[in-house]
Amino acid sequence: MRIVSSVFPKEIIQEEIKSEFPEIQFEFYKGMKDAEKAFYECEVFLTYGDDLTVNHIQKNNHLKWIMQMSAGLEELPLKAIEERGIMITNARGIHKIPMAEYTLGTMLQWVKQTRALLENEQEENWDRKIRMEELFEKTVLILGVGAIGGEIARLAKAFRMKTIGVNRSGNGVGNIDELYLTEQMMDALPKADFIVSILPSTPETKHLLTKDHFVAMKNTAVFINIGRGDLVDESLLLHALEKNEIAHAFLDVFEKEPLVKDHPFWKMKNVTVTPHLSSVTQNYLPRALEIFKHNLNTYLNKTGDYMNIIDLKKGY
């Protein structure tokens, strides 16, 4: 069997995988440009998901499984993949530790006035009148609560916060005090001091948040988006911030990335911009490869359950 990867792990990781599956021909390349020739002969392909086209799928008659080493599927040619009956698995769930830590970090930045303190330090300004707050007894609302949201809630509980979740299924998640269905979101929004979105990009979630949702939020609320940028039309979010319908937004994802240099978000006092790195960690690739190795054993032995198999009709 030939397995080709446009993801290039460290040499030591490559050797570990090869020694664990000696019967398989592994080929690792630095990107699709180098991998393309080998790709057309492979049965299994590892990718970050941004390098496959319809043409690639149609020209590879051997391909049976794509392992996406990230969670979001919006850049994959899903229709062509579904037509060919190719299986997709992804790395969903490996992000929960870095993304939960990022989220708690932003909330702590807000209540402990980190931006103002850093500005005062630069100006050598000794100001003890800055209003310091606590996370204690504040409420966090998590949109799309699942593995990542559950970890955010677990950490929030360490600060004795109240946790509210919203998801499509209504299935309970640990450390969530109240759970709402997506269509009940308007009932949950007015309760929240922090609104955290970890929603993926799907037809159902694109521009899901409307003007009415931001009006329903407290004007002291903080919006944190670590899911996907197309959750809300950026002009609508810009309006909500300019009208002080919410107090602040921590934005790690955007409709178009990278965020252009002259975008208003860069200079707004009530916006913090980070470059889509809430899930980034040195442990990212090793964790993704653990999922791949589990699934490869399932694939080879034709027994057991796959982790993170994608329902192509749903897109997740």
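Structural notes, computed from the coordinates. (Residues numbered from 1 in each chain as written. Predicted model: local features only at pLDDT ≥ 70, side-chain atom pairs only at ≥ 80, totals over all residues. Heavy atoms only, no water.)

### Observations concerning the packing of aromatic side chains
Right, on to step 1. The full count for this structure, using the stated rule, is nine aromatic pairs.
Right, on to step 2. Between Phe 254 and Phe 265 the ring centres are 6.3 Å apart and the planes differ by 45°, which places this aromatic pair in the tilted class. Within this pair, whereas Phe 254 is found in the loop between strand S11 (248-251) and strand S12 (271-273), its partner Phe 265 is found in the loop between S11 and S12, the two being separated by eleven residues in sequence. Like Phe 265, Phe 254 is buried.
Right, on to step 3. One aromatic cluster is present, built from ring pairs that chain together Trp 65, Phe 292, Tyr 299 and Tyr 306.
Right, on to step 4. Taking NZ or CZ as reference, Lys 30 lies 5.1 Å from the ring centre of Phe 8, over its face. (Phe/Tyr/Trp six-rings, centres within 6.5 Å; stacked < 30°, edge-to-face > 60°. Helix = DSSP H or I, 4+ residues; strand = E, 2+ residues; numbered from the N terminus. Buried < 20%, exposed > 50% of the residue type's maximum accessible area, 1.4 Å probe, protein only. Lys NZ or Arg CZ within 6 Å of the ring centre and 35° of its normal.)

### Some words on helix H1 (residues 11-20)
Right, on to step 1. The complete set of buried residues in H1 reads Ile 13, Gln 14 and Ile 17. Along the long axis of H1, the arc covered by the buried residues comes to 100°, so they all point the same way. Residues Ile 12 and Ser 19 are exposed on H1 and point more than 90 degrees away from its buried face.
Right, on to step 2. The secondary structure elements touched by the buried residues of H1 are strand S2 (25-28) and helix H11 (284-301). (Arc of directions from axis to C-beta. Contact = heavy atoms within 4.5 Å.)

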